[in-house]
Amino acid sequence: MKDKFFFFIYAFILFFSLPLRAENWVLGTTRFLFTSDSDTVVDSHIGTVLPQLILEQFSQKGVRTISGQEEADRQFKKLQTERLSLFLQLSKEEKVLDSLIFTKVSASEFKKARTEQEKKIAGIKKSIDENIEKAKNIKFSENNLGENKTESIVLYKNDSSAFFKPSQNAVYDGIESYGFENEISQASINGLLTGEITLYGDYISVAVHLYQFPGAKLSCSVIEVGSVSDLVSLAAMIARDLTPKIANSLPVKIVFEFENDKIFDEVDISIDGVLLVDKQNVIVDAGIHSVSVASQKYDTQNFSFLFSGEEQFTVKVKMHPKEKGSFRLNLRTPLDGLFYFNGGSGKSVTKEEPWTDVTVNGRTVLGIFTDSEGKSDFVMIPENSGKDGASLFVDVKPFDRAEKIDRSRKRMYAAYSTLICTLPFTFFCAGQVNSYANSYNSSKLSQSLDSYKKWDGIFNGACAVSAAAGAWFIFEIARYLIAANQVLPEQGR
């Protein structure tokens, strides 16, 4: 029984404390340099802020695909580092072998030490040969390795304002030098952005280069022109061109399907804000794209989707004809307050006239009701209910949901802390019970039996306290989930 209790407690703690692990691909940047000598404060600001703004575009952890070539490069780099380490060990052991003649007095000691050292050297040589053989067997092909493997994109030091600062010697030797790559490896950076800025009055031209490591391979270069006064837009345009290379994505084809061909001819389709000229052959880089489908006869459809993992995607779009009209929305419990729908101005209701008219557009209607005390509740009218001329009722319950959720969360944390605090004493009591039980079994002394009974009673009490704390914690979790669930809007019927 006690073993089951401890197993339950251990599993409970493990469930709430295990971290999630994932492989990361680290993206960093250096400060951007000017193509001509410049030491003004404004120029220095641009060279510092622009790369930070570009990195901010990738601050939300994305996903990239690992190509076979990249996987092979990583394996080769790992083996190369291992070979260099083995070679240094070999050099050290060879020197030790040469020095034996000066450190050993007798011939027998010298012979024994020499034999042991030669075995050690032979082992290192064998490891080097095996390493070289493994390196020969790495196939540098885009298709042989890394299929379906992905990793998360994170920023260097998890901070868009952190710059990679190579040493002067590494800068002098160049980005493709061994010294520079060694410093990159120590910083755990996989992708590095560098840039050159050319300034002409109020406009700048920026050339950004993406290098991938190991290998210091130039993955792509992006050149953009923008205004000095709008660096945010310039950074967004550069990041948009860099995204496919950073994500290591391949082009995908998107096929749009509608209810009939007539609708297809009437709509305009835009992807990432760019209107498609040819709606039949849509090819984009894999990744997240925003799609907009607009028409004069139908409501505009906007959505974003991760187009990745397949060569072709079929997007089925259901268009809703534009409708006009209104329905009446009534309060089941009369209150003084305002209804807000679709970002429009407030529509007042009173206890004497607890209703208002809501515009019909053929879609689900979302709104919020705010009473005279400033407390609110969300309201939703399903698509099939909000018909022209209908009369619906909604049961709103205005109160501060954020405050209630916060109180529930604090109570849940308090219950969890109480549970954790009771466990050490429970474990201690269990140890005492087991200790005196073993003592009595081995010696049969009445003193040990009395101590066992004493601590067994204390242990049972401690178990009861821990169980009560655990029940309190589960109760508070339930209350927290109920409070969080009350954020869902009230539906009109």
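We now turn to the structure provided with this report. What you see is a predicted model, and the numbers here were worked out from it, not measured in a lab. (Residues numbered from 1 in each chain as written. Predicted model: local features only at pLDDT ≥ 70, side-chain atom pairs only at ≥ 80, totals over all residues. Heavy atoms only, no water.)

Considering the overall build of the protein chain
Part 1 of the reasoning: Of the regular secondary structure elements, the protein chain holds eleven helices and 22 strands.
Part 2 of the reasoning: Put simply, the protein chain has 493 residues, and 37% of those count as buried.
Part 3 of the reasoning: The contacts in the protein chain between residues at least 6 apart in sequence include a share of 65% that link residues at least 24 apart.
Part 4 of the reasoning: Just so you have it, the protein chain exposes about 30,100 Å², and 54% of that area is on carbon and sulfur atoms. (Helix = DSSP H or I, 4+ residues; strand = E, 2+ residues; numbered from the N terminus. Buried < 20%, exposed > 50% of the residue type's maximum accessible area, 1.4 Å probe, protein only. Contact = heavy atoms within 4.5 Å. Areas by Shrake-Rupley, 256 points an atom, 1.4 Å probe, with all protein chains shown as cover.)

Quick notes on the packing of aromatic side chains
Part 1 of the reasoning: A complete count under the given rule lists nine aromatic pairs for this structure.
Part 2 of the reasoning: Here the aromatic rings of Phe164 and Phe180 are separated by 5.9 Å at their centres, their planes lie at 75°, and the arrangement is edge-to-face. Within this pair, whereas Phe164 is found in the loop between β4 (150-155) and α6 (168-173), its partner Phe180 is found in helix α7 (residues 178-186), the two being separated by 16 residues in sequence. Comparing Phe164 with Phe180, the two get one shared label, buried.
Part 3 of the reasoning: By way of ring pairs, the aromatic residues Phe305, Phe307 and Phe313 are connected into one cluster. (Phe/Tyr/Trp six-rings, centres within 6.5 Å; stacked < 30°, edge-to-face > 60°.)

Concerning the pattern of salt bridges
Part 1 of the reasoning: In the structure shown here, the tally under the stated rule is ten salt bridges.
Part 2 of the reasoning: In this structure, Glu181 and Lys77 form a salt bridge, with 3.8 Å as the shortest nitrogen-oxygen distance. Of the two residues, Glu181 sits in helix α7 while Lys77 sits in helix α3 (residues 68-98), which places them 104 residues apart along the sequence.
Part 3 of the reasoning: Its relative accessible area of 11% is what places Glu181 among the buried residues.
Part 4 of the reasoning: The partner of Arg401 in a salt bridge is Asp377, with the nearest N and O atoms 2.8 Å apart. Pair noted here: Arg401 is in helix α10 (residues 401-443) and Asp377 is in strand β20 (residues 376-381), with a separation of 24 residues, a long-range link. (Salt bridge = Lys/Arg side-chain N within 4 Å of Asp/Glu carboxyl O.)

Brief notes about the sheet that holds strand β10 (residues 274-275)
Part 1 of the reasoning: With respect to topology, four strands assemble into an open sheet ordered β10-β9-β12-β13, the strand pairing being antiparallel. Single-partner strands in this sheet number two, and they are β10 and β13 (301-307).
Part 2 of the reasoning: As paired strands, strand β9 (residues 268-271) and strand β12 (residues 287-294) are joined by four bridges and run antiparallel to one another. When the bridges of β12 are listed, Ile269 appears paired with Val293. (Pairing = 2+ DSSP bridges.)

Overview of the nonpolar core
Part 1 of the reasoning: Within the largest apolar cluster, 28 residues are counted, with the highest numbers of intra-cluster contacts made by Leu50, Ile54, Val206 and Leu242.
Part 2 of the reasoning: When residues of this core are traced back to their parent elements, those giving at least two are β1 (24-29), α2 (41-56), β4, β5 (191-200), β6 (203-212), β7 (217-227) and α8 (231-247).
Part 3 of the reasoning: Residue contributions to this core peak at seven residues, all from α8.
Part 4 of the reasoning: Excluding residues within four positions of it along the chain, Val206 makes contact with Phe32, Leu50, Glu196, Ile197, Val222, Ile223, Glu224, Leu234 and Ile238.
Part 5 of the reasoning: Within the second largest apolar cluster, 21 residues are counted, among which are Ile254, Val267, Ile271 and Val315. (Core = buried A, V, L, I, M, F, W, Y, C linked by side-chain atoms within 4.5 Å.)

Let's talk about the environment of Arg328
Part 1 of the reasoning: Assignment of secondary structure puts Arg328 in strand β15 (residues 326-331).
Part 2 of the reasoning: Here Arg328 falls in the partly exposed class, since its relative accessible area comes to 34%.
Part 3 of the reasoning: Ignoring anything within four residues of it in the chain, the contact list for Arg328 reads Trp355, Thr356, Asp357, Ala390, Ser391 and Leu392.

Keep in mind these numbers describe shape, not what the thing actually does.
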